[in-house]
Amino acid sequence: MIQMKIDPADIIPINYNDPFIPDALQRFNPTLYKQGNSFCCILGPAPDTGIFGCGETPDAAISAWNTKFLEQLAHPTADSEVIQYILDHIDASVTPIW
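A brief report on the enclosed structure follows. Because the structure is predicted, anything quoted here is derived from the model rather than measured.

## Notes on the overall build of the chain
A count of helices and strands for the chain gives three helices and four strands. Counting helices and strands in the order they occur from the N terminus, the chain gives β-α-β-β-β-α-α. In terms of overall size, the chain behaves like a compact globule, its C-alpha atoms giving a radius of gyration of 13 Å where 98 residues would be expected to give roughly 13 Å. Projected onto its principal axes, the C-alpha coordinates of the chain cover approximately 40 × 30 × 20 Å. The long-range fraction of contacts in the chain, counting pairs at least 24 apart against all pairs at least 6 apart in sequence, stands at 43%. When the accessible surface of the chain is summed, it comes to about 6000 Å², and 53% of that surface belongs to carbon and sulfur atoms.

As structure tokens, this is what we get:
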């Protein structure tokens, strides 16, 4: 899966080991970045083809991303490269993340 190219100066570091962030974020490491006055979080090649969330704060962007993650897993489309990537990387022996 191709990840969207983002200017490194715009990327906001995430502590993926923080126990308070969603499991999906810890497991799939989407990128958090600043875009204008908003913060955005993405996994995938583009906002319209990946899992994407934005908000006024980093926490709001992460929350929006997690909501989209759960929605897309609940109603996957057959041609989604990102959903296929996620499904391919979920270990069947681990409790599902949704």
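And the narrative resumes.
## Side note on the state of the cysteines
For the structure on display, the rule yields one disulfide. Note that Cys 40 is cross-linked by a disulfide to Cys 54, the S-S spacing being 2.2 Å. Taking the sign of the torsion about the S-S bond as the criterion, the disulfide between Cys 40 and Cys 54, at about 95 degrees, is right-handed. Here Cys 54 lies in strand S4 (residues 51–55) and Cys 40 lies in strand S3 (residues 38–43), a separation of 14 residues in the sequence.

## Here we look at unusual backbone geometry
Where the residue is not glycine, phi is negative for most of them; where a peptide bond is considered, it is trans in most cases. For Asn 29, which is not glycine, the phi torsion reads 50 degrees and is therefore positive. The class for Asn 29 is partly exposed, based on a relative accessible area of 38%.

## Section: the packing of aromatic side chains
Counted by the stated rule, this structure contains three aromatic pairs. Seen in terms of ring centroids, Phe 28 and Phe 69 are 5.9 Å apart; in terms of plane orientation they differ by 35 degrees. Their pairing is tilted. Of the two residues, Phe 28 is situated in helix H1 (residues 23–28) and Phe 69 in helix H2 (residues 58–74); the sequence distance between them amounts to 41 residues. Take Phe 28 and Phe 69: they sit in the same class, and that class is buried. Through a chain of ring-to-ring contacts, the aromatic side chains of Phe 28, Trp 65, Phe 69 and Tyr 85 assemble into a single cluster.

## Side note on the pairing of strand S2 (residues 31–35)
Sheet analysis places strand S1 (residues 11–12) next to S2, joined by two bridges and oriented antiparallel. Bridge pairing in S2 places Ile 11 opposite Tyr 33. Direction of pairing for S2 relative to S3: antiparallel, over a ladder of five bridges. Paired with Leu 32 across the bridge in S3 is Cys 41. Hairpin remark: S2 followed by S3, antiparallel, with two residues in the connecting loop; positive phi at Gly 36, about 65 degrees.

Conventions and cut-offs
Residues numbered from 1 in each chain as written. Predicted model: local features only at pLDDT ≥ 70, side-chain atom pairs only at ≥ 80, totals over all residues. Heavy atoms only, no water. Helix = DSSP H or I, 4+ residues; strand = E, 2+ residues; numbered from the N terminus. Rg over C-alpha atoms; globule rule 2.2 N^0.38 Å. Contact = heavy atoms within 4.5 Å. Areas by Shrake-Rupley, 256 points an atom, 1.4 Å probe, with all protein chains shown as cover. Disulfide = S-S within 2.5 Å. Buried < 20%, exposed > 50% of the residue type's maximum accessible area, 1.4 Å probe, protein only. Phe/Tyr/Trp six-rings, centres within 6.5 Å; stacked < 30°, edge-to-face > 60°. Pairing = 2+ DSSP bridges.

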